[in-house]
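# Examining the three-dimensional arrangement
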Amino acid sequence: MAQLQMTGAEIVLKALADQGVDTIFGYPGGAVLPIYDALFKQNNIRHVLVRHEQGAAHAAEGYARSTGKPGVLLVTSGPGATNAVTGLTDALMDSIPIVCLTGQVATHLIGNDAFQEADTVGITRPCTKHNWLVKDINDLARVMHEAFYVCKAGRPGPVVVDLPKDIQLQTGPYVPPTQVQHKSYRPQIKGDLNKIREAVELIANAKRPIFYTGGGVINSGPAASQLLREFARLTGYPVTSTLMGLGAFPASDGQFLGMLGMHGTYEANNAMHDCDVMINIGARFDDRITGRVTAFSPGSKKIHVDIDPSSINKNIRVDIGIVGDVAHVLEDMIKVWKSKVYRPDKEALGEWWKQIETWRGRNCLRYRQTGDIIKPQYALQRLFELTKGPNTYITTEVGQHQMWAAQFYGFDEPNRWMTSGGLGTMGYGLPAAIGVQVAHPDALVIDVAGEASILMNIQEMSTAVQHRLPVKIFILNNEYMGMVRQWQELLHGGRYSESYMNSLPDFVKLAEAFGAVGLRVSDPTKVDDTIREMVDIKRPVIVDCLVDKNENCFPMVPSGAAHNEMLLGPEDQANVSEAGAALV
Amino acid sequence: MDGVRSHTIALLVDNEAGVLARVIGLFSGRGYNIESLTVAQVDGSRNLSRITVVTSGTEMVIEQIKAQIDRLVPVHKVTDLTIGGPSLERELALIKVASTGEKRVEALRLADAFRARVVDSTSQSFVFELTGSTTKIDAFIDLMKGLGLVELSRTGVVAIARGAEPL
Ligand SMILES: Cc1ncc(C[n+]2csc(CCOP(=O)(O)OP(=O)(O)O)c2C)c(N)n1
Ligand SMILES: [Mg+2]
């Protein structure tokens, strides 16, 4: 059979199209010009020109998180590739499938310190799930298809395909995805049934159970969220979620205790600490969740479902570790529960819920909107009330505003919440919002931002304007790197070293300079009108919402503390141990 | 530290550019130590290499190391030979000793006792070739230190499980 022959650049685009890619985010340069030329001659794939390669990576992440499909970026060699590194690391930490295509100098120049040469596979090895340098045109199509397979299979993550310029120009064979199979990489999808039976028995006999769910539920796909809901309903057990997992279980459901962890709710953290059976579904016992590991939920039996075997027993020893995809394992768990006709221990569960309700009664997220200064929590609560719905997507930057958004914006569906969890990358939110808006042109996409973070990728306003992407940037402007200031207040005697945001731009004029719309609000009574106005404008908008500069984010489990040693408000004195002070 | 123990781990990997860097980078990036590392192609037709790593850690750390290696995409198989039943471990060393007179005679006598082979000799020196366990080679080297040891080259550990089963 005669094989299809085409240039390397055409092979790249054909492979993208065959992989179902409709959009890529990118920025041209010398080493990718052949691919840009091929792009020019086709109209299967839309190219979104960003203003910085980091923006391309985060946009690809936003696209991926909101659709469940891999996001793709295309950047040039050298500085193009190194600019993408933060985004790759971000995607690695949060398990987001993105494919990054980088240009490279011609194969005969590699190693010669050629113009715009960087050892891209060397630099990105630790921040990708896998990467490839294609040195033979005959490998190109296969590598492209393998890249898509690897980034999605098992625990998702970023991959890099490094493409020397001469390979892009050579002619070679194209093979379709159906003819490519990775020779060894086969992550385990189905969980071990014996362990699942054992786990379900433990779950059924629990007296003080809790579901602790994470981003793995989202990554597993919408079916996993449905199955989680079904299992939670069957059992009647409380559910908490990590930052990454918000939306997998409806925030409006009575069984939901809110987010757990460093800025999680009092009820979620106390329930985690006092439970007798912890059912971890697709979360990873991250240090933001566990607090001091030696004091983490000391009395519980722990079940851990994770697609990545290395996540099990990494930070916390568990009693039953089940390697598998969340949806598959939950499906089996529900089958076992039904076939064994298990029933929850009504009496014990009643007691447990009573206890949880007293914790809930503390109303740990309370704040008081008095006077004429907007409380950031109030602004977010109003934003939630006025914009909630299945067609609304929220991204964030990193800092206090991010935690308040997690606490006050309730998500009832998965894939509606994109935030940089593992890496905590300031500058994530705006490009991520652009990626979401590209994938969902009719949706309302809002980046909840801080005035410091937004400046890290503000250049992407141009991208939004050029591509008519009506993203909304809602800045909670406290004129501080608020989260840094909070830690300095708590741990460094209130010495606010370099955390005051001096010489801020006028964000309204800044929006206008980009050709977008700027709004400002400082009066609490005008918050609602401003939000409505923002939503009504069918163009990119920056809202500069001036909020209380001194507000801190509570509850808080200080570093090195246990879950039941939370600070609920400014009246609680932080008592941070020496060991805790060394933690981030 | 409590329960820290040395483990010999054998990996079967695709023999492709960068695969060793991936394995080594994982160890350095996650703070695991490498006591010894050997690598060579073992299957030309399937293009596979075998890497033998000797590392140490608590049981939990060793489990973590194995799981981390196993999720590298070009890694086909990971086996812990230290806990996987009886196994053999060998190292090869080339040992250069330069001395004369009594010391030269003594070096040769000890080499004989250790079944080291003389693979090169001049009037002032020998190169011994010695195969065996790491402890045996360590012991021989210790003895040579007083007898004119000038240079040393060791392969690191290669290992294989006993019995009929392949990796
Ligand atoms: C790229 C990057 N640099 C530094 C930090 C450390 N950091 C975490 S939060 C924060 C302050 C964020 O300030 P702002 O965006 O105004 O948010 P706020 O906390 O005030 O809501 C900083 C500097 C980070 N997370 N990311
Ligand atoms: Mg701020």
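Report follows, based on the coordinates. (Residues numbered from 1 in each chain as written. Chains lettered and ligands numbered in written order. Predicted model: local features only at pLDDT ≥ 70, side-chain atom pairs only at ≥ 80, totals over all residues. Heavy atoms only, no water.)

### Some details on the coordination of the magnesium ion (ligand 2)
Residues and elements named next belong to chain A. We count it as follows: Any nitrogen, oxygen or sulfur atom within 2.8 Å of a metal ion counts as a donor, with the limit raised to 3.2 Å for Na, K and Ca, and since water is left out, coordination shells can look unfinished. Angular criteria define each label, namely tetrahedral for four donors with all angles between 85 and 135 degrees, square planar for four and octahedral for six donors with opposite donors over 155 degrees apart and remaining angles between 65 and 115, and irregular for whatever fails these tests. Buried residues are those whose accessible area, probed at 1.4 Å on protein chains only, stays under 20% of the maximum for their type, while exposed residues exceed 50% and partly exposed ones sit between those limits.
Listed as protein donors to the magnesium ion (ligand 2) are Glu451 (OE), Glu451 (OE), Asn478 (OD1) and Tyr480 (O); their distances from the metal cover 2.0 to 2.6 Å. One way to put it: the 6 donor atoms around the magnesium ion (ligand 2) meet at angles of 52 to 174 degrees, and that makes the site irregular. Read in sequence order, the donor residues for the magnesium ion (ligand 2) give the motif E-x26-N-x1-Y. This pair shows no difference in class: Asn478 is buried, exactly as Tyr480 is.

### As for the sheet that holds strand S5 (residues 98-104) of chain A
All names here are of chain A. Counted only if it meets this: Two strands pair under a simple rule: DSSP has to find at least two bridges between them. Starting at the N terminus, helices and strands are each numbered in turn, a helix being any DSSP run of H or I of at least four residues and a strand any DSSP run of E of at least two. Fitting a line to C-alpha atoms yields each axis, with helices limited to the stretch in contact; the angle taken between N-to-C directions then spans 0 to 180 degrees. By definition in these notes, contact holds between two residues if any of their heavy atoms fall within 4.5 Å.
Reading across from one edge, S3-S2-S4-S5-S7-S6 is the order of the 6 strands in this open sheet, with parallel pairing throughout. Sheet topology places strand S3 (46-49) and strand S6 (130-133) at the edges, where each strand pairs with a single neighbour. In this sheet, neighbouring strand axes are inclined to one another by 20 degrees on average, regardless of whether the strands run parallel or antiparallel. In this structure, S5 lies alongside strand S7 (residues 158-164), joined through 7 bridges in parallel fashion. In the strand pairing of S7, Ile98 is matched with Pro158. Set on the sheet, helix H6 (residues 137-152) makes contact with strand S4 (71-75), S5, S6 and S7; between it and S7 the angle comes to about 165 degrees.

### Focus on the site of ligand 1
All names here are of chain A. Our working definition: We define proximity as follows: a residue is near a molecule or strand when any one of its heavy atoms falls within 4 Å of that partner. Exposure was quantified through the Shrake-Rupley algorithm and a 1.4 Å probe, taking into account, for residues, occlusion by the shown protein chains and nothing else. Polar here means any residue outside two lists: the nonpolar Ala, Val, Leu, Ile, Met, Phe, Trp, Tyr, Cys and Pro, and the charged Asp, Glu, Lys and Arg; Gly therefore counts as polar.
Residues in close proximity to ligand 1 total 17 residues, the closest being Gln400, His401, Gly424, Ser453 and Gly482. Contact with the protein chains removes 76% of the 580 Å² of surface that ligand 1 exposes when unbound. Every element with two or more residues in the shell around ligand 1 is listed here: helix H16 (400-408), helix H18 (451-454) and helix H20 (482-491). Here the residues of the shell around ligand 1 sort into 8 nonpolar, 8 polar and 1 charged.

### A word on the pattern of salt bridges
All names here are of chain A. The criterion, for reference: We define a salt bridge as a contact between a side-chain nitrogen of Lys or Arg and a carboxyl oxygen of Asp or Glu at a distance within 4 Å.
Enumeration according to the criterion identifies 38 salt bridges over all chains in this entry. Note that Glu565 is salt-bridged to Arg292, the shortest N-O span being 3.6 Å. Here Glu565 is found in the loop between strand S20 (541-546) and helix H23 (578-581), whereas its partner Arg292 is found in the loop between helix H12 (287-290) and strand S13 (301-306), with 273 residues between them in sequence. A relative accessible area of 33% means that Arg292 is categorised as partly exposed. For Glu551, the salt bridge identified is with Lys375, shortest N-O distance 2.7 Å. With a gap of 176 residues between them, Glu551 in the loop between S20 and H23 and Lys375 in the loop between helix H14 (346-361) and helix H15 (376-387) connect regions that are remote in the sequence. Each of the two residues, Glu551 as well as Lys375, counts as buried.

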